[in-house]
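# Secondary and tertiary structure notes
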Amino acid sequence: MTAETARQGRVVAAHGRHYRVQLESGELRHCYTRGKKAGPAVGDQVRILPEGRDEGVITEILPRRNLLYRSDASKSKQFAANLDQLLLIVAAEPEFSADLMGRALVAAGSVDIPVRIVLNKTDLPSIDSARSRLRPIAELGIPIVELCALDAAQTQARLGDWLQGRSTLLLGQSGMGKSTLLNALVPQARAATQAHSEALGTGRHTTTQTRLYDLPGGGDLIDSPGFQAFGLQHLTQHEIEQGFPEFTPAIPHCRFYNCTHLHEPGCGVLAAMARGEITAERHALYQRILAENDAARKW
């Protein structure tokens, strides 16, 4: 391969080991990777070696600003790379998982990606219960936007300025109304998704794809499949701590520099929890993540 034959582009869609890359010229190519190492993520800048009329092989992933992904004992799932922010979707119904939401916040916090939460389906009677469950998160200073994604004008008015000019990942567990929100923000998304599905030979099974859409006002929105699990086994204890911003003012008061904030005497985090400055629910999530990662290492 020579410098003249290699071309640079951005990954705009991923399905398994198949990728769609938009070259700097605007040309789109269907690409694949060689070998078994971790492949690129949507949002990655890559170099490809063109093949045929509209295909190519990805030969290099250029340095990333960040990468958001989840991992468990058997595999990891990359969401997207080079993100400016995360839009995390929850809803009044079905009841969202506080555990999954908390894990997504930890994943984003570990790589310094700002998060905004959307509380969807405000037209349902159960909205007050959802607001109550989100209150501890709102008290951490994480912005929460309420809307009904069925109202496209409202959705665009409440999110448009925040999304403009930035690369944003749209993330949420299954059933939260993420597709409705996407279609409200990017009206052409439904047709584009169907065409892309046919091009990749995936039929109607679009939920396994990750896809980048250009926003009408500038910037882009990356849609990812819904999830029902969110392992964080790639994170160290320090990286996990970063996902709990309420721990930050308490940690300097720990007696021991290597405090795990689980049982040590003189722990600043446990003292803050006793004073009501850290909720027992959030600390329990921290404990669960550490325990899972410790069990995985022993296995």
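What this report covers is the structure whose coordinates are included nearby. Just so it is clear, the structure is predicted and the values come from calculations on it, not from any experiment. (Residues numbered from 1 in each chain as written. Predicted model: local features only at pLDDT ≥ 70, side-chain atom pairs only at ≥ 80, totals over all residues. Heavy atoms only, no water.)

As paired elements, strand S6 (residues 67-71) and strand S7 (residues 76-81) share 5 bridges and run antiparallel to each other. Note that in S7 the partner of Tyr 69 across the bridge is Gln 78. Here S6 folds back onto S7 in antiparallel fashion, the turn holding 4 residues. (Pairing = 2+ DSSP bridges. Helix = DSSP H or I, 4+ residues; strand = E, 2+ residues; numbered from the N terminus.)

On to the environment of Gly 177, then. In this structure, Gly 177 sits in the loop between strand S11 (167-172) and helix H4 (178-185). Separated by 110 residues in sequence, Gly 177 and Gln 287 place their C-alpha atoms 30 Å apart. Each residue touching Gly 177, except ones within four places of it in the same chain, is listed here: Asn 120 and Lys 121. (Contact = heavy atoms within 4.5 Å.)

A few words on the pattern of salt bridges. For the structure on display, the rule yields 16 salt bridges. Between Arg 65 and Asp 84 there is a salt bridge whose closest N-O contact spans 3.2 Å. With a gap of 19 residues between them, Arg 65 in the loop between strand S5 (55-61) and S6 and Asp 84 in the loop between S7 and strand S8 (85-91) connect regions that are remote in the sequence. Taking the relative accessible area as the measure of exposure, Arg 65 reaches 54% and is therefore exposed. We classify Asp 84 as partly exposed; its relative accessible area is 30%. Residue Arg 275 pairs with Glu 277 through a salt bridge whose shortest N-O separation is 2.9 Å. On the basis of relative accessible area, Arg 275 is assigned to the exposed category, the value being 55%. Connected via shared salt-bridge partners are Asp 99, Arg 103, Arg 288 and Glu 292. (Salt bridge = Lys/Arg side-chain N within 4 Å of Asp/Glu carboxyl O. Buried < 20%, exposed > 50% of the residue type's maximum accessible area, 1.4 Å probe, protein only.)

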